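One letter stands for each residue in the lines below.
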Amino acid sequence: MQNRDKKYWQKNLQYLGILLSVWFVVSYGCGILWVDALDSFRLGGFKLGFWFAQQGSIYVFVILIFVYVWLMNRLDKKYEVDEA
Amino acid sequence: MDIQSWTFVIVGLSFALYIGIAIWSRARDTSDFYVAHGQVSPLANGLATAADWMSAASFIGMAGLISFLGRDGSVYLMGWTGGYVLLALLLAPYLRKFGKFTVPDFIGDRYYSRSARLIGVVCAIFISFTYVAGQMRGVGIVFSRFLDVSIETGVMVGMAIVFFYAVLGGMKGITYTQVAQYCVLIFAFLVPAIFISIMMTGSAIPQLGFGSTLTGEESFLLDKLDGLSQQLGFAAYTSGNKQTIDVFCITAALMVGTAGLPHVIVRFFTVPKVRDARKSAGYALLFIAVLYTSAPAVAAFARTNLIQSISEVRIDQAPEWFNNWRRTGLIEFKDKNGDGRIQYLNSERNELTIDRDIMVLANPEIAGLPNWVVGLVAAGALAAALSTAAGLLLVISSSVAHDLFKRTLRPRFTEKQELRTARIAAACAVVIAGYFGINPPAFVAQVVAFAFGLAAASFFPAIIMGIFSRRINKEGAIAGMVTGLLFTAAYILYFKFIDPGANNAAHWWLGISPEGIGTIGMLINFLVTGLVSHLTPPPPEDVRKMIDEIRLPRANAIGSYQAEA
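Please read these numbers as outputs of a predicted model, since none were measured by experiment.

Caption draft 1: Representation of the packing of helix 19 (residues 459–468) of chain B against helix 22 (residues 541–551) of chain B within the structure. Residue and element names in this part refer to chain B. At a minimum axis separation of 8 Å, helix 19 and helix 22 run at an interaxial angle of 90 degrees. Looking at the two axes, helix 19 sits roughly perpendicular to helix 22. Contacts from Gly-466, Ile-467 and Phe-468 in helix 19 reach Ile-547, Ile-550 and Arg-551 in helix 22. Here the contact of helix 19 with helix 22 is composed, by residue class, of four nonpolar, one polar and one charged.

See below:
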């Protein structure tokens with residue numbers, strides 16, 4: 001790989017690291033590990049931990065993928081590796 | 001019209017639609033048959049992936065399961081959606097760039113090994129058959145319950161339909177029927193969900209109604225449900241019973257397993273570009289999330305409704321649906337204390353047993369919705385089961401025709417011979433799946449845990465490391481897949497078949513259930529692969545070039561750089 005391509009790949013890995021950390025925190029963190037602690041807060045009729053486990057994590061998953069799509073399309077263009 | 005006539009009309013119309021699409025989208029060559037010529041738009045692929053993924057279990061089973069598990073049901077909600085994040089970020093774009101036909105194809109090429117390819121073929125076929133038998137059974141059950149025909153006839157009709165569009169159209173036919181099936185199934189799921197949400201909370205959006213107050217009351221739905229559950233001796237609905245480590249491992253196994261299922265992965269081979277593969281993973285999860293965020297709301301509504309409409313009610317005043325479903329044996333009531341009332345309790349004084357699977361099917365009746373809604377739910381359940389079955393059958397057919405025949409046994413196969421083999425393999429797979437649907441092996445329900453556990457412990461690590469490491473070689477990958485598989489299979493076999501009596505938290509290793517053990521299998525696979533790879537020679541130069549190539553979206557990225565240099 002050329003230098004420029006290596007940089008593209010490093011940047012890609014950096015994005016993955018950030019997005020997957022969010023992925024881990026909302027599902028395994030808020031929905032499982034800290035669920036009881038979060039349940040002492042409320043979101044309308046939901047206990048907060050329960051909401052993350054059954055609703056919130058799924059919304060965040062969807063948003064994460066679209067953020068990734070946006071970031072990568074921009075990155076592809078910047079490093080001129082996008083498809084014709 | 002009565003329920004049965006409505007069901008006939010709606011199911012009949014939906015089947016006519018699927019057949020029409022199949023005739024319109026016939027496959028002309030193997031590329032059409034395996035990957036719809038790579039010409040599916042990202043939106044269509046997102047819809048098709050959603051239908052492909054959501055099976056009879058998602059449509060019929062999941063809400064019912066959650067309504068009895070409460071918060072512990074989250075493992076299915078997060079597990080079966082979170083995997084798409086892994087798929088979109090770690091697998092789909094690179095596999096699209098790789099640009100061939102099947103998952104074993106990637107394993108075989110990346111690890112430059114016929115044995116690796118064959119391990120891939122065996123896993124793909126085993127996972128798919130396990131899964132497809134359940135779908136055919138689901139088709140049979142819906143037919144028998146709503147249309148008064150035997151389960152055998154139901155399975156036969158389902159086989160005939162799938163046979164028609166899978167054998168004729170291959171991936172192309174399957175893709176466009178799945179688009180139609182998604183529309184049918186999501187409409188069928190949402191109509192009753194919205195009706196019930198309005199009736200109970202006044203909110204037309206089930207996801208919001210879930211957290212609202214009950215109509216005409218001060219208290220929130222979930223608080224009311226917690227109270228009702230505790231009064232009857234159950235745990236509060238919003239609290240969990242499972243150990244945290246088990247919840248963690250089951251969720252991880254389902255997520256990683258989802259990302260490793262061959263029939264889902266192969267859908268991303270059908271779009272034209274890397275960019276499209278990323279985007280269509282987003283669409284797919286969005287369409288899946290519509291059902292997956294409504295299902296827990298439906299679960300809570302159904303549970304509240306159920307308790308309120310039958311607890312301590314006199315049996316001669318029980319609602320009509322109660323008696324209808326009692327006749328099918330799926331609701332059982334025994335008046336133990338002879339007071340003529342229904343006691344539904346979490347103790348030995350309990351007089352009521354309810355099959356969890358009826359919650360979604362009975363929901364429209366419990367809520368008193370019009371007959372056409374009930375017919376619609378039947379058509380939706382069939383769409384969910386048929387779309388998933390077709391996707392799985394295609395994996396079996398392409399693994400056999402492409403990986404086993406063309407790439408291993410008969411390299412000189414012509415295009416025509418390969419296409420014919422693929423059609424014959426699809427036809428055989430339909431017949432075998434139908435046979436299992438009619439005569440389900442006693443272990444069908446038991447082995448579903450296998451499908452996810454095995455996908456998690458075999459494909460996922462092999463593909464991830466194949467993309468993200470240039471050092472991992474064939475020795476490592478094969479050793480990793482084999483140890484991951486053996487460990488996971490042995491653990492599940494032991495607790496499900498050899499010593500089922502010991503299948504409880506006290507005997508589980510670290511408190512991890514067989515459903516969650518795929519997570520450990522995956523870790524073992526990663527560890528063994530890394531270790532063995534570093535003790536053996538690195539992969540050849542052309543494989544490392546291939547890895548560089550799939551990491552960059554632009555076509556011939558590496559080739560063109562070489563030309564410049």
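Caption draft 2: The interface of chain B and chain A, seen in detail. The interface is formed by 56 residues belonging to chain B together with 48 residues belonging to chain A. Taken together, the two surfaces of chain B and chain A that pack against each other cover about 4,600 Å², and 69% of this comes from carbon and sulfur. Here chain B is connected to chain A by five salt bridges. Between B:Asp223 and A:Arg42 there is a salt bridge whose closest N-O contact spans 3.0 Å.

Caption draft 3: Region of the structure containing the side chain of B:Ser398. Residue and element names in this part refer to chain B. Turning to its location among the elements, Ser-398 is positioned in helix 16 (residues 371–409). Exposure remark for Ser-398: the relative accessible area of 5% places this residue in the buried category. Polar side-chain contacts of Ser-398 include one of 3.3 Å to the backbone oxygen of Val-395. When neighbours within four sequence positions are excluded, Ser-398 is seen to be in contact with Tyr-34, Thr-102 and Asp-403.

Caption draft 4: Main features of the packing of helix 7 (residues 114–147) of chain B against helix 8 (residues 151–201) of chain B. Residues and elements named next belong to chain B. Put simply, helix 7 and helix 8 touch, their axes get as near as 7 Å, and they point 125 degrees apart. Classified by the interaxial angle, the pair formed by helix 7 and helix 8 is oblique. In this structure, helix 7 crosses over helix 8, and the sense of that crossing is right-handed. Contacts from Met-136, Arg-137, Val-139, Gly-140, Ile-141, Phe-143 and Ser-144 in helix 7 reach Ile-151, Gly-154, Val-155, Val-157, Gly-158, Met-159 and Val-162 in helix 8. In the contact of helix 7 with helix 8, the residues fall into nine nonpolar, four polar and one charged.

Caption draft 5: Geometry of the packing of aromatic side chains. Summed over the entire model, instances satisfying the criterion amount to 35 aromatic pairs over all chains. Taking the ring centre of A:Trp70 as reference, the NZ or CZ of A:Arg74 above it sits at 4.8 Å. Across from the ring centre of B:Phe68, 5.0 Å away, lies the NZ or CZ of B:Arg303, which sits over that ring.

Caption draft 6: Representation of helix 19 of chain B within the structure. Within helix 19 of chain B, nine of the ten residues are buried, which leaves it mostly tucked inside the rest of the structure. Looking only at helix 19 of chain B, the buried set comprises B:Phe459, B:Phe460, B:Pro461, B:Ala462, B:Ile463, B:Ile464, B:Met465, B:Gly466 and B:Ile467.

Caption draft 7: Structural context of the side chain of B:Thr238. By the secondary structure assignment, B:Thr238 is in the loop between helix 10 (221–231) and helix 11 (244–260). Within the structure, the side chain of B:Thr238 is placed 2.9 Å from the side chain of A:Lys47, a separation counted as a polar contact. In terms of polar contacts, B:Thr238 uses its side chain to reach the side chain of B:Asp226, at 2.8 Å. B:Thr238 has contacts with A:Asp39, A:Lys47, A:Phe50, B:Arg71, B:Leu222 and B:Asp226, leaving out every residue within four places of it along the chain.

Caption draft 8: Geometry of the pattern of salt bridges. A full pass over the atoms with the stated rule returns 17 salt bridges over all chains. One salt bridge connects A:Asp39 with B:Arg71, and the closest N-O pair in it is separated by 3.3 Å. Remark: B:Arg71 occurs in the loop between helix 4 (56–69) and helix 5 (74–98) and A:Asp39 occurs in the loop between helix 2 (35–38) and strand 1 (42–43); the pair is interchain, linking two chains. A relative accessible area of 12% means that B:Arg71 is categorised as buried. Of the charged contacts in the structure, one is a salt bridge between A:Asp76 and B:Arg278, with a shortest N-O distance of 3.0 Å. Placement of A:Asp76 in helix 3 (residues 48–78) and of B:Arg278 in helix 13 (residues 274–310) is noted, with the two residues assigned to different chains. The same class applies to A:Asp76 and to B:Arg278, which are both buried.

Caption draft 9: Looking closely at the confidence of the model for chain A. Model confidence for chain A is summarised by a mean pLDDT of 92, while 99% of its residues fall at 70 or above. By mean pLDDT, strand 1 of chain A is the weakest element of chain A at 88, and helix 3 of chain A is the strongest at 95.

Caption draft 10: Up close: unusual backbone geometry. Despite not being glycine, A:Glu80 shows a phi value in the positive range, around 50 degrees. Its place among the elements puts A:Glu80 in the segment after helix 3. Despite not being glycine, B:Glu312 has its phi angle at roughly 65 degrees, a positive value. Inspection of the secondary structure assignment puts B:Glu312 in the loop between helix 13 and helix 14 (320–327). A relative accessible area of 37% means that B:Glu312 is categorised as partly exposed.

About the cut-offs
- Residues numbered from 1 in each chain as written.
- Chains lettered and ligands numbered in written order.
- Predicted model: local features only at pLDDT ≥ 70, side-chain atom pairs only at ≥ 80, totals over all residues.
- Heavy atoms only, no water.
- Axes fitted to C-alpha atoms, helices over the stretch in contact; angles between N-to-C directions.
- Helix = DSSP H or I, 4+ residues; strand = E, 2+ residues; numbered from the N terminus.
- Parallel < 35°, antiparallel > 145°, perpendicular 65-115°, else oblique.
- Contact = heavy atoms within 4.5 Å.
- Nonpolar A, V, L, I, M, F, W, Y, C, P; charged D, E, K, R; others polar.
- Buried area = accessible area lost by both parts, 1.4 Å probe.
- Salt bridge = Lys/Arg side-chain N within 4 Å of Asp/Glu carboxyl O.
- Buried < 20%, exposed > 50% of the residue type's maximum accessible area, 1.4 Å probe, protein only.
- Polar contact = N/O pair within 3.5 Å; in protein donor to acceptor, adjacent residues only side chain to side chain.
- Left-handed = near helix turned anticlockwise from the far one by under 90°.
- Phe/Tyr/Trp six-rings, centres within 6.5 Å; stacked < 30°, edge-to-face > 60°.
- Lys NZ or Arg CZ within 6 Å of the ring centre and 35° of its normal.
- pLDDT = per-residue confidence, 0-100.

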